[in-house]
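Summary of the model geometry
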Amino acid sequence: MLSLYRNQLIGQQKRILLIGSGLMAEAVIDQLLKRNDNFVVVASAHVEDARKVIQNKERCSAHHLDVTETEELRKFVKNSDIVIAYIPPQFIVPIAKICAEVGKSMITSQYTFPEIRALEEECKKKGIIILNEIGLDPGIDHLATVKVRDEVYAKGGKIIEYESWCGGVPSPEFCDNPFGYKFSWSPFAAIRNINNDAKYLENGVQKYIPASELLYSTEIIHVNPSLQMEGYPNRDSLPYQELYGLKDCQKLVRGTLRYQGHCVLMAAMKSLGFASEEIIKVDREMSWFEYLLSNIRFESCSTNYLANHHITQLANTIDQKVFTLAQLETLLTKVFNRVFSQYYYKDKSEEQLYKDAEQITYTLKWMGIFDPKNLILNNVTHVHNFAAHLQTLMNYRQGETDLVAMQHIFKIVYPNDPRVYVKKSTMVKIGHRNGKSAMAITVGVPTAVATQLILDGVIKVTGVHMPNISEINTPLYEELKKEGIYCEEEDY
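Residues numbered from 1 in each chain as written. Predicted model: local features only at pLDDT ≥ 70, side-chain atom pairs only at ≥ 80, totals over all residues. Heavy atoms only, no water.

Concerning the overall build of the protein chain
A count of helices and strands for the protein chain gives 18 helices and 16 strands. Rg of the C-alpha trace for the protein chain: 25 Å, near the compact-globule value of 23 Å for 492 residues, within the 12% margin. Referenced to the eigenvectors of the C-alpha coordinate spread, the extents of the protein chain come out at roughly 75 × 65 × 40 Å. Residue burial in the protein chain is summarised as follows: out of 492 residues, 53% are buried. Restricting the contact set of the protein chain to residue pairs at least 6 apart, pairs at least 24 apart contribute 71%. Carbon and sulfur atoms make up 49% of the accessible area of the protein chain, which totals about 21900 Å². (Helix = DSSP H or I, 4+ residues; strand = E, 2+ residues; numbered from the N terminus. Rg over C-alpha atoms; globule rule 2.2 N^0.38 Å. Buried < 20%, exposed > 50% of the residue type's maximum accessible area, 1.4 Å probe, protein only. Contact = heavy atoms within 4.5 Å. Areas by Shrake-Rupley, 256 points an atom, 1.4 Å probe, with all protein chains shown as cover.)

What about the UniProt feature "domain: Saccharopine dehydrogenase NADP binding" (unreviewed entry) in the protein chain?
According to UniProt, the "domain: Saccharopine dehydrogenase NADP binding" (unreviewed entry) feature falls on residues 16-131. Helix makes up 40% of residues 16-131 and strand 23%. Its end C-alpha atoms lie 15 Å apart. (UniProt positions renumbered as here; feature names shortened; annotations may be inferred.)

What to know about helix H18 (residues 470-482)
Here H18 spans 18 Å end to end across 13 residues, near enough to the 18 Å set by a 1.5 Å rise per residue. The secondary structure elements touched by the buried residues of H18 are strand E6 (129-131), helix H8 (140-154), helix H17 (438-455) and strand E15 (463-465). Once H18 ends, the next one or two residues include Gly484, with phi positive near 80°. (Expected span 1.5 Å × (residues − 1).)

Brief notes about the pattern of salt bridges
Scanning the model with the defined rule gives 33 salt bridges in all. The salt bridge partner of Arg35 is Asp37, with a shortest N-O separation of 3.2 Å. Close ionic contact of Arg51 with Glu48 constitutes a salt bridge, the shortest N to O distance being 2.5 Å. With Arg51 and Glu48 both in helix H3 (residues 47-53), this residue pair falls three residues apart, about one helical turn. (Salt bridge = Lys/Arg side-chain N within 4 Å of Asp/Glu carboxyl O.)

A closer look at unusual backbone geometry
Backbone geometry follows two general trends: most residues other than glycine have a negative phi, and most peptide bonds adopt the trans configuration. Cis geometry is found at the peptide bond from Asp137 to Pro138, where omega equals 15°. When you line up the elements, Pro138 lands in the loop between E6 and H8. Of note in the backbone geometry, Asn203 takes a positive phi value of approximately 55° without being a glycine. Position of Asn203 relative to the elements: it lies in the loop between strand E8 (198-202) and strand E9 (205-209). For Asn379, which is not glycine, the phi dihedral falls at a positive 65°. Mapped onto the elements, Asn379 comes out in the loop between helix H15 (350-366) and helix H16 (382-393). A relative accessible area of 48% means that Asn379 is categorised as partly exposed.

Considerations on the sheet that holds E15
In space, the seven strands of this open sheet follow the order E3-E2-E1-E4-E5-E6-E15, with parallel pairing throughout. Each having just a single partner strand, strand E3 (60-64) and E15 make up the two edges of the open sheet. For this sheet, the mean inter-axis angle between neighbouring strands, taken without regard to orientation, is 20°. Pairing between strand E1 (residues 14-19) and strand E2 (residues 38-44): six bridges, direction parallel. The partner of Ile16 across the bridge, within E2, is Val40. (Pairing = 2+ DSSP bridges. Axes fitted to C-alpha atoms, helices over the stretch in contact; angles between N-to-C directions.)

Below you can see the structure in the form of structure tokens.
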């Protein structure tokens, strides 16, 4: 296999190893193949996916690669000029270590892990760069933020508040499910993200939101006059005060955007245990309904938040002939007792709770929870089950498009000027019908452009980096603007 790989590369000036063949891979490949002196080798554990992603393309090849096979991985890296790692986070560090060992630069859209930061000196000695966090978020957000920061600082100003929001959702015309969401990237990663705690800065004070309260901690974000979304804090924003050099900031938050109503509904599913990391173990084939009905998580709830006649009304909306009305009422009682025990609902009237219960019941019906043919997967986690099931319902269909929204909000002051200036830096992109998604374009193209700039010697810095310094950001921003990928700035 590797000898074939070598033969295909004879005479090729730049050999680019792309490890991974997922949803973002094709955008990376197509951008790199705009240059005739590039040859892209796609190496993946799912070689059929790799072959599919390069179908009808020239100057590229597909190969099987198990990245846990260290020697095989090392051979691929050695025979490349540069490496792009588009692979789950748990595999990034081993790849980075091999790249540092053999002296090959590496680019990834993943966050910068401490183990990779530890490779700083080795990378400098080898004269290579490991460039992390170059995609959409993280990636374009860094470029837009640093651009405004540098311009403000050059005028002697201070940034006293900073917000960064980003999310990928279906285009409005294809927003046709209760969650207002479809998967343009890993379903498992997307669902698992709701299990993260969040930290941010508010009025100069560090704030902490536990994962149990995260999806109830939303605020309305006015992206533009026709697009109003809800946002919630994403993981730990505090390190970015130093990473961005925003020493004067009294508010600093990075967050996720969704259509309004998504978060509270997903929080309801989470309170029912769907996002749990516990492994499901059953001794027989079991439907979702049966499993939830017998799940011990519901049994500790004794308070009834809805009147019996409301439960009966909702149970009668469920069209199925396998389970009895009493079984349906029992499950719904447990569901609503569990969901409505959350603090978010404590001040709601029964009329308001009933409206929420209608939406939750509709969602459970839409998910097929009351269909005995929908079986749970045994010996995997709840969150894996949930993600796998939603993937069958919430993938993009042929001809549907997605929407990516990103917005940064700065509050700025200048010496001898009493005013507080507000600047918004906004990008909204819609995917191509029957083509690449907006998510794939805004993640993949920045990665590919950064790769090209390193190959061409435009980005010369070595070591371990993210795009937060001018030597990286300035040329990268200029090239991405040519591709139409940048944030529009507006002063208020």
